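Observations on the three-dimensional arrangement
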Number of protein chains: 2
Amino acid sequence: MLTLYYAAHTCSLASHIALVDAGAKYELKRVDFGKTEQRSPAYLSVNPKARVPAMVTPCGILTETPAMLVFIAQSFPKARLAPINDPFAFAELQSFNSYLCSTLHVAHAHRMRGHRWADDPASFADMQRKVPQSVGACYELIESRMFRGPWVMGDSYTIADPYLFTLAQWLEDDGVKPTRIPRVIDHRFRMAERPNVKKAIAEEITE
Amino acid sequence: MLTLYYAAHTCSLASHIALVDAGAKYELKRVDFGKTEQRSPAYLSVNPKARVPAMVTPCGILTETPAMLVFIAQSFPKARLAPINDPFAFAELQSFNSYLCSTLHVAHAHRMRGHRWADDPASFADMQRKVPQSVGACYELIESRMFRGPWVMGDSYTIADPYLFTLAQWLEDDGVKPTRIPRVIDHRFRMAERPNVKKAIAEEITE
C-alpha cells in the first residue's frame, strides 16, 4: 500500500494519476492548504519541506514529483510507464520531467509564491506581470522542441504525460495564450478524456 | 565518446565530475558565457534552452543535470554511482537531486538571474537580499534532514555527491554562513580532496 499526501490543484495530481495508471493500491491523504496543514507538526514529520506531494511507501517516505513518478514506474513495470531498460530513452524522459520541475513549475510559482524569493509586495507584482512571458516561453519550447506526439515522449504514454497535463491546468491563469501552443492543448484535452485521469480528479474533489 | 558542453563555475561541473568518476571517455566543449555563446545559433542547435550543461551521446543530446547524472550512472554501472537496481533507494537519490535542481539551485539563481522572473531592478535587488535566507534555508534542511554522511546518501558515494559539491561552491557568495552547516562544509572539503574532483576542476580551468 502506498499513501499519497496531496492537495487539490497542485502538482501532486501527477503522481496521483500515475498511481492509477500503474494499477497501484493506494490511499489518499488530503493536506488542507486553506488551514496551512502543510506546516502542521504532523505533516512536517512526513515532509519537512512543507510541500506536497509526499508518498509513504513500505520502504519509507518519498518526496519530489520526478522521483516519485519514476518510483511508481519502476515499482509497477507491467504498466510500462517509463523506458526503464533503455538508459538514453529514460534520460530523455527524466530530462523532460526535470525541466517541468525546475523551470516551468518554478516560473509558474512566481505568480502566487513570490514570497519564497523576495519580500516586497512591489516585487511580487513585478513577478506576476512577468509570468505570462516566462511561463509562455516554457510552453513554446515544449510545443516546438520537446513535445513529440501523440504523447510527450512519442508513441508511448509515460509518466511525463500526467506531469505535463497537471501543470498545463494552470496555463490560462498564468496568462499563456492557448492558441500559441496547440499541441500542448490537444494533449491536455486527450489526457482529460482518459478514464484514469477522470478517476484521479474525481477522487481529489470528493475526498 | 561523450561530449560535455560546460561553463566554468556552473552546475555543469557536477556532470563533469561524474564522467571522471565513471571512467567515461569524454571530451569537453566550453561555452563562453562572457561572449554569450550560450545564445549563439551554433549552441542553440545543441541546446535550445541556452543553458549548460548539455551532453552529446551516441544516441542523441541530453540536457538537465539530474537526467545526465543518472544516464552516466546507468551507462557505467561498474562505477556504482547510483543504486540503479533498488527502486526505493534510487528514488531517494533522485529526490535529493530533484531538490537541488528545483529548489536550491533556483533559490541561488535569484541572486544573479532575477531577470528570468521579473523586470524591475528594484525587484532584482529585493531578490538578492532574500538569497541568504532562501538558500540558507535549503542548506539547513539538507544539513539537518537530508544529508546522511559520510556521503550524501549514506555509506555509498553517488551522483548526489558531485551535485551537492558543485552547488556548495557558491554558498558563501550567496551569504550563507558556513558555520551553520558543518556537515555540508565537511563534505565539500572531502570532495575537494578527491583526485577525480581535482582533475575535473583543473580541466575546466585549463581548457
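A short tour of the structure in this document, coming up. (Residues numbered from 1 in each chain as written. Chains lettered and ligands numbered in written order. Predicted model: local features only at pLDDT ≥ 70, side-chain atom pairs only at ≥ 80, totals over all residues. Heavy atoms only, no water.)

**Concerning the overall build of chain A**
Condition: Strands are runs of DSSP state E lasting at least 2 residues, helices are runs of H or I lasting at least 4, and numbering of each runs from the N terminus. The reference for a compact globule is 2.2 Å times residues^0.38; the radius of gyration itself is calculated from the C-alpha atoms. When a residue's accessible area, from a 1.4 Å probe over protein chains only, is under 20% of the maximum for its type it is buried; when over 50% it is exposed; and in between it is partly exposed. Any two residues whose heavy atoms approach within 4.5 Å at even a single point are treated as in contact. Each accessible area is a Shrake-Rupley result for a 1.4 Å probe, and residues are judged covered by the shown protein chains and nothing else.
Each helix and strand in chain A was counted, giving eight helices and four strands. Relative to the globule expectation of 17 Å for 207 residues, the C-alpha radius of gyration of chain A, 17 Å, shows essentially globular dimensions. Viewed in the frame of its principal axes, chain A has a C-alpha envelope of about 50 × 45 × 30 Å. Here chain A holds 207 residues, and the buried ones make up 58% of them. Restricting to contacts in chain A with at least 6 residues of sequence separation, those with at least 24 account for 65%. Here chain A displays about 8800 Å² of accessible surface, and carbon together with sulfur accounts for 53% of that area.

**Re the pattern of salt bridges**
Residues and elements named next belong to chain A. What counts is decided by this rule: Take a side-chain nitrogen of Lys or Arg and a carboxyl oxygen of Asp or Glu: if they are within 4 Å of each other, that pair is a salt bridge.
One pass over the full model with this rule turns up 20 salt bridges over all chains. Across the pair Arg194 and Asp21 runs a salt bridge, and its minimum N-O distance is 3.6 Å. Of the two residues, Arg194 sits in the loop between α7 (182-193) and α8 (195-206) while Asp21 sits in helix α1 (residues 12-22), which places them 173 residues apart along the sequence. The buried category is assigned to Asp21, whose relative accessible area is 13%.

**Focus on helix α4 (residues 87-109) of chain B**
Residue and element names in this part refer to chain B. For the record, the criterion: To estimate how far a helix should reach, multiply one less than its number of residues by 1.5 Å. For a residue, the bend is simply the angle between two axes, fitted respectively to the seven-residue segment ending there and the seven-residue segment starting there.
Over its 23 residues, α4 extends 31 Å from the first C-alpha to the last, a length consistent with the 33 Å expected when each residue adds 1.5 Å. In the structure, α4 departs most strongly from a straight axis at Leu100, where the bend amounts to approximately 35°. Within α4, 20 of the 23 residues are buried, leaving the element largely enclosed by the surrounding structure.

**What about the interface of chain A and chain B?**
This is how the line gets drawn: As used here, buried area is the combined drop in accessible area, with a 1.4 Å probe, of two parts when they are placed together.
Counting residues at the interface gives 49 residues for chain A and 49 residues for chain B. Surface buried jointly by chain A and chain B totals about 3700 Å² across both partners, of which 60% is contributed by carbon and sulfur atoms. The largest per-residue losses of area from chain A upon contact with chain B belong to Phe88, Trp117 and Lys130 of chain A, which jointly make up 17% of the total buried on that side. Taking the shortest distance from any N to any O, the salt bridge between Lys130 of chain B and Asp119 of chain A comes out at 2.7 Å.

**So, the relation of the copies chain A and chain B**
Copy one and copy two of the chain differ by a rotation about an axis and a translation along that axis. Our working definition: The atoms used to superpose the copies are C-alpha atoms, taken from residues with pLDDT of at least 70 in both, and the fit is least squares.
Rotating chain A by 180° about the axis while translating it 0.0 Å along that axis superimposes it on chain B, leaving an RMSD of 0.0 Å. In short, the pair behaves as if placed about a two-fold rotation axis. Nearest to the rotation axis, the C-alpha of Ser102 of chain A is located 2.0 Å from it, this being the minimum over chain A. Same-surface contact between copies: 100% of interface residues of chain A are shared with the interface of chain B.

**Topic: unusual backbone geometry**
Cis peptide bonds are those with omega within 30 degrees of zero, and the linkage from Val52 of chain A to Pro53 of chain A qualifies with 0°. One can find Pro53 of chain A in the loop between α2 (41-46) and β3 (54-57). Even without being a glycine, Ala50 of chain B presents a positive backbone phi close to 60°. As for its position among the elements, Ala50 of chain B is in the loop between α2 (41-46) and β3 (54-57). Taking relative accessible area as the criterion, Ala50 of chain B reaches 9% and is therefore assigned buried.

**So, the sheet that holds strand β2 (residues 26-30) of chain B**
Strand-to-strand pairing in sheets goes through backbone hydrogen bonds, with the strands running parallel or antiparallel. Residue and element names in this part refer to chain B. To keep things clear, this is the line we draw: Between any two strands, at least two bridges found by DSSP are needed for them to pair. Between N-to-C directions, angles span 0 to 180 degrees; the directions come from axes that are lines fitted to C-alpha atoms, helices contributing only their stretch in contact.
As summarised here, the arrangement of the four strands in space is β2-β1-β3-β4, forming an open sheet in which the pairing is mixed. Where the open sheet ends on each side, the last strands, each with one partner, are β2 and β4 (60-63). Neighbour-to-neighbour, the strand axes of the sheet open up by a mean angle of 20°, direction not taken into account. Relative to β3, strand β1 (residues 2-6) is paired through three bridges, and the arrangement is antiparallel. Its bridge partner lying in β3, Thr3 is registered against Val56.

**Let's talk about the sheet that holds strand β4 (residues 60-63) of chain A**
Residues and elements named next belong to chain A. Pairing within the open sheet is mixed, and its four strands lie in the order β2-β1-β3-β4. What marks the edges here is a single partner per strand, and that holds for β2 (26-30) and β4. Neighbour to neighbour, the strand axes of the sheet diverge by 20° on average, direction disregarded.

**Quick word on the packing of helix α1 (residues 12-22) of chain B against helix α3 (residues 65-75) of chain B**
Residue and element names in this part refer to chain B. Rule in force here: Angular relationships are summarised with four words: roughly parallel below 35 degrees, roughly antiparallel beyond 145, roughly perpendicular across 65 to 115, and oblique for the angles in between.
Across the interface, α1 lies against α3 with an axial gap of 10 Å and an inter-helix angle of 0°. By the criterion of interaxial angle, the relationship of α1 to α3 is roughly parallel. For the pair formed by α1 and α3, the contact residues are Ala14, Ser15, Ala18, Leu19 and Ala22 on the first element and Thr65, Met68, Leu69 and Ile72 on the second.

Nothing here speaks to function; it is all geometry.
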